[in-house]
Amino acid sequence: RTSMMRRKLLPLLILLKLEYIFAAAMREILLSAYDPITNCSTDDPLEPTLFSGIEVNIIRHALATINWTEGKDYYFNCTTWDDSLDATALNPTRPNLIGTFGGITITEERLASGRRFSQPTMSSGISLLYSYTPQASFYLRTFTTDYLILMLIIPVFVGFCMYYFEAQGSSAVNYIYHGFTMFFKVDDIVFLGIASKMLGLALKVLLMITMMLYVAFTTNILTSDNTFGGVAKVASLRVYEDIVRTAGAIYQLFPDIYDSASVIQELNRTGITYLAYDDPIVSYIAYTQCNYYTVLKNFNKYDFGFILATNVSKEDEELLNLGLTMSYAAKTQTAW
């Protein structure tokens, strides 16, 4: 009876053992949310359907190209940015971890510190986002409130002056009306006295100057609108050169944020006019939000990469690089 029980349990034990070996051999890939580059949820870190984003699509395609099946040969694990970098440090604690990705820039400092990168997973850069607050039409913004009030007061003043110089020949309202209509009539000063004629002529000169200033100011406003506040090239950023010179300077003025929704919320809260940030996020915000525009695209270029754990075999590294090469041979980054 004991022998029969052993024979029955033996296949089950073998299956359990094989399942354990299979699970132990499955490769782990870490990533953190950096929407829209990568997106996942730490609340359900292993759920495959929750992993999305540009770089996720590229990595999935690259691994499928080398015949690695998700859920069989590898799995994604959603974690924090710090944890993903710590796990791929020089002394790994996860034996089946092959690496991490998620908008990680390939830099000389990281390479010098011993980090192993794959070939670039995608090219990116720093782009400049411009926040445009909707206003009145450009032809109305030329006139300020003070100027409009002045344009109302002057005809009234001129009307009273004409009323005085014409010896009250008609009611004051008539002369005030005459002062307002002087902007539109050309034969309005024929029957007036000399003093009134001079006032009327001065009012017409004022109208001419007003039209000249209107054209000049309106042209400036329209030019500013069409050039995103006057910034059309990198040289225009001299005022902001301390901001865009280094990433550290950017993060001193703008908090570390890893999703587009939080970036938009912070932009609305602070009222920032220009923001230098990763191009995928800048492009996504400009595409989905009506009041934001990409001014300068990738004026500081760099590449994202897959950080390999130090214990990854040379074969797996070569396979990953091969998959990335074949993926980009089949489809451009823009298509992803």
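Residues numbered from 1 in each chain as written. Predicted model: local features only at pLDDT ≥ 70, side-chain atom pairs only at ≥ 80, totals over all residues. Heavy atoms only, no water.

On to the overall build of the protein. For the protein, the helix and strand inventory stands at 13 helices and eight strands. Residue burial in the protein is summarised as follows: out of 336 residues, 35% are buried. When contacts within the protein are restricted to residue pairs at least 6 apart in sequence, long-range pairs at least 24 apart make up 73% of them. (Helix = DSSP H or I, 4+ residues; strand = E, 2+ residues; numbered from the N terminus. Buried < 20%, exposed > 50% of the residue type's maximum accessible area, 1.4 Å probe, protein only. Contact = heavy atoms within 4.5 Å.)

Before going further, it helps to spend a moment on the confidence of the model for the protein. When pLDDT is averaged along the protein, the result is 76, and 68% of the positions lie at 70 or above. No element of the protein has a lower mean pLDDT than helix α10 (residues 247-253), which averages 42, and none a higher one than strand β2 (residues 74-78), which averages 95. The low-confidence segment residues 242-252, where pLDDT is below 50, has nine contacts with residues more than four positions distant or belonging to other chains. (pLDDT = per-residue confidence, 0-100.)

Applying the stated criterion across every chain yields a total of six aromatic pairs. Taken together, a centroid distance of 5.9 Å and an interplanar angle of 20° make the contact between Phe-101 and Phe-306 stacked. Here Phe-306 lies in the loop between β7 (292-304) and β8 (307-308) and Phe-101 lies in strand β3 (residues 97-101), a separation of 205 residues in the sequence. Assigned by exposure class, Phe-101 and Phe-306 land together as buried. Three or more aromatic residues joined by ring pairs form one cluster here, namely Phe-51, Tyr-74, Phe-76, Phe-101 and Phe-306. (Phe/Tyr/Trp six-rings, centres within 6.5 Å; stacked < 30°, edge-to-face > 60°.)

Turning to a nonpolar patch on the surface, a few remarks are in order. A cluster of nonpolar side chains, contributed by Val-205, Met-208, Ile-209, Met-212, Leu-213 and Phe-217, occupies part of the molecular surface with about 560 Å² of accessible area. Mapped onto the fold, Leu-213 is located in helix α8 (residues 194-226). Classification of Leu-213 as partly exposed rests on a relative accessible area of 38%. (Patch = residues over 30% accessible without salt bridge, like charges linked within 9 Å, V, L, I, M, F, W, Y side chains within 5 Å. Areas by Shrake-Rupley, 256 points an atom, 1.4 Å probe, with all protein chains shown as cover. Salt bridge = Lys/Arg side-chain N within 4 Å of Asp/Glu carboxyl O.)

Counting residues in each nonpolar core, the largest one holds 48 residues, and the members touching the most others are Ile-29, Leu-63, Phe-76, Phe-101 and Phe-306. For Leu-63, the contacting residues outside a window of four places in its chain are Ile-29, Trp-68, Tyr-74 and Leu-320. (Core = buried A, V, L, I, M, F, W, Y, C linked by side-chain atoms within 4.5 Å.)

A few words now on the pattern of salt bridges. By the definition in use, this model includes six salt bridges. Measuring nitrogen to oxygen at the nearest pair gives 2.5 Å for the salt bridge that ties Arg-116 to Glu-317. Of this pair, Arg-116 sits in strand β4 (residues 116-117) while Glu-317 is found in helix α13 (residues 314-330), placing the two residues 201 residues apart along the sequence. What makes Arg-116 partly exposed here is its relative accessible area of 22%. The salt bridge partner of Arg-269 is Glu-266, with a shortest N-O separation of 2.5 Å. Linking Arg-269 with Glu-266, this pair stays in helix α11 (residues 260-270), spanning three residues, or about one helical turn. On the basis of relative accessibility, which here comes to 61%, the residue Arg-269 falls in the exposed class. Classification of Glu-266 as buried rests on a relative accessible area of 14%. Salt bridges sharing common partners tie together Arg-116, Lys-314 and Glu-317.

Moving on to unusual backbone geometry. A cis amide bond, omega 10°, links Asp-35 with the succeeding residue Pro-36. With respect to the element layout, Pro-36 can be found in the loop between β1 (27-31) and α2 (54-65). At Asn-67, a residue that is not glycine, the phi angle is positive and equals roughly 70°. Of note, Asn-67 is situated in the loop between α2 and β2.

One open sheet accounts for three strands, arranged β6-β5-β7; its pairing is antiparallel. Only two strands of the sheet have a single partner each, and these edge strands are β6 (274-278) and β7. Within this sheet the neighbouring strands show an average axis-to-axis angle of 20°, counted without direction. In the sheet, strand β5 (residues 122-131) pairs with β7 via nine bridges, with the strands oriented antiparallel. Opposite Leu-129, over in β7, you have Thr-294 as the bridge partner. (Pairing = 2+ DSSP bridges. Axes fitted to C-alpha atoms, helices over the stretch in contact; angles between N-to-C directions.)

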